[in-house]
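What the coordinates show
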Amino acid sequence: MATLEIKDLHASVTTEEGAKEILKGVNLTIKSGETHAIMGPNGSGKSTLSYAIAGHPKYEVTSGEVLLDGENVLEMSVDERARAGLFLAMQYPVEVPGVSMSNFLRTAATAVRGEAPKLRHWVKEVKEEMGKLEISHEFAERSVNEGFSGGEKKRHEILQLALLKPKFAILDETDSGLDVDALRIVSEGVNQYKASSEVGVMLITHYTRILRHITPDFVHVFAGGKIVESGGKELADELEENGYVKYVGKPEPAS
Ligand code: ADP
Ligand code: MG
Ligand code: MG
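First, a word on scope: everything that follows refers to the structure included in this document.

Cut-offs and rules
- Residues numbered from 1 in each chain as written.
- Chains lettered and ligands numbered in written order.
- Predicted model: local features only at pLDDT ≥ 70, side-chain atom pairs only at ≥ 80, totals over all residues.
- Near = placed C-beta within 6 Å.
- Helix = DSSP H or I, 4+ residues; strand = E, 2+ residues; numbered from the N terminus.
- Nonpolar A, V, L, I, M, F, W, Y, C, P; charged D, E, K, R; others polar.
- Axes fitted to C-alpha atoms, helices over the stretch in contact; angles between N-to-C directions.
- Parallel < 35°, antiparallel > 145°, perpendicular 65-115°, else oblique.
- Contact = placed C-beta atoms within 7 Å.
- Pairing = 2+ DSSP bridges.

1. With respect to the site of ligand 1
- For ligand 1, the full set of nearby residues is Val-13, Thr-15, Ile-22, Gly-40, Asn-42, Gly-43, Ser-44, Gly-45, Lys-46, Ser-47, Thr-48 and Lys-58.
- Contributions of two or more residues to the shell around ligand 1 are made by β1 (3-15) and α1 (46-54).
- A total of 3 residues in the shell around ligand 1 trace back to one element, the largest contributor, which is α1.
- Its residues placed into classes, the shell around ligand 1 shows 2 nonpolar, 8 polar and 2 charged.

Take a look at the structure:
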């Protein structure tokens with residue numbers, strides 16, 4: 001049983017005009033086996049939250065804490081965070097020309113597991129997971145994400161999830177840009193990993209449709225850089241009906 005705690009997290013992004021505060025006091029605790037949906041309008045800071053936890057250099061945590069079983073995640077290097085069991089599937093996965101998917105995955109697995117996976121076993125494992133995600137075998141030799149369609153990138157993010165076996169997974173808009181079939185395949189991939197492990201999931205999404213496939217235990221509304229309401233999965237139905245209007249600050253009336 002593991003716990004990921006986010007306490008009064010404030011973070012800024014470095015822009016050309018200087019630092020701009022995006023996260024304004026995020027509080028959230030995720031335990032092993034729980035799935036928390038984070039839902040909010042565009043630009044509310046959801047991706048910033050995922051980057052701040054993962055340790056992206058552009059996002060500076062100015063105050064607050066992120067603890068994994070009481071250990072200070074913010075003091076860890078990006079590699080240490082991965083070894084500690086944190087995984088981030090990015091909203092916009094990066095392309096790495098010249099590095100094959102199979103090399104990339106084996107290097108990542110070696111870093112996370114602390115030793116290189118035995119080759120024969122590894123090849124079998126990758127093949128099996130690729131099969132489940134309906135990824136064609138030729139992708140193994142293609143450069144990481146280069147020329148992949150949006151849906152192909154998302155399937156590869158879930159392939160990484162299945163192979164790296166994190167304790168906590170942050171899935172940032174894994175549903176965006178997926179057609180109905182790809183959404184089902186990707187969701188099944190997440191559900192299989194959930195069933196085979198005690199993973200805690202932070203499922204960031206703008207839309208409710210992925211929640212019909214991956215059932216959240218908790219739903220949090222994220223607006224203006226923090227969580228403004230929390231509830232069970234019925235909260236998602238309410239958002240489906242009414243949108244985020246109620247949570248987005250209205251402009252000041254002219255005096
Ligand atoms: P969401 O994921 O909820 O759509 P983001 O975290 O991507 O929101 O963005 C929150 C706010 O921070 C937006 O106003 C966005 O323009 C700004 N922002 C995020 N990253 C950067 C960046 N690298 N440079 C400048 N502004 C950024
Ligand atoms: Mg966005
Ligand atoms: Mg985002």
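2. Digging into the packing of helix α5 (residues 150-164) against helix α6 (residues 180-196)
- Across the interface, α5 lies against α6 with an axial gap of 10 Å and an inter-helix angle of 10°. Here α5 is positioned roughly parallel relative to α6, judged by the angle of their axes. Residue-level contacts link Gly-151, Lys-154, Arg-155, Ile-158, Leu-161 and Ala-162 of α5 to Ala-182, Ile-185, Val-186, Gly-189, Val-190 and Tyr-193 of α6.
- Tallied by class, the residues present in the contact of α5 with α6 amount to 8 nonpolar, 2 polar and 2 charged.

3. Focus on the pairing of strand β12 (residues 226-231)
- As paired elements, strand β11 (residues 218-223) and β12 share 5 bridges and run antiparallel to each other. When the bridges of β12 are listed, Val-221 appears paired with Glu-229.
- Hairpin connection from β11 to β12: 2 residues lie between these consecutive antiparallel strands, with Gly-224 at a positive phi of about 60°.

4. Focus: the sheet that holds strand β3 (residues 35-39)
- Spatially, β6-β9-β10-β3-β11-β12 is the arrangement adopted by the 6 strands of the open sheet, whose pairing is mixed. The open sheet has two free edges, formed respectively by β6 (86-89) and β12, since each of these has just one partner strand. Along the sheet, successive strands turn relative to each other by an average axial angle of 20°, direction set aside.
- By the bridge criterion, 4 bridges tie β6 to strand β9 (residues 168-172) in an arrangement that is parallel. Across the sheet, Leu-86 pairs through a bridge with Phe-168, a residue of β9.

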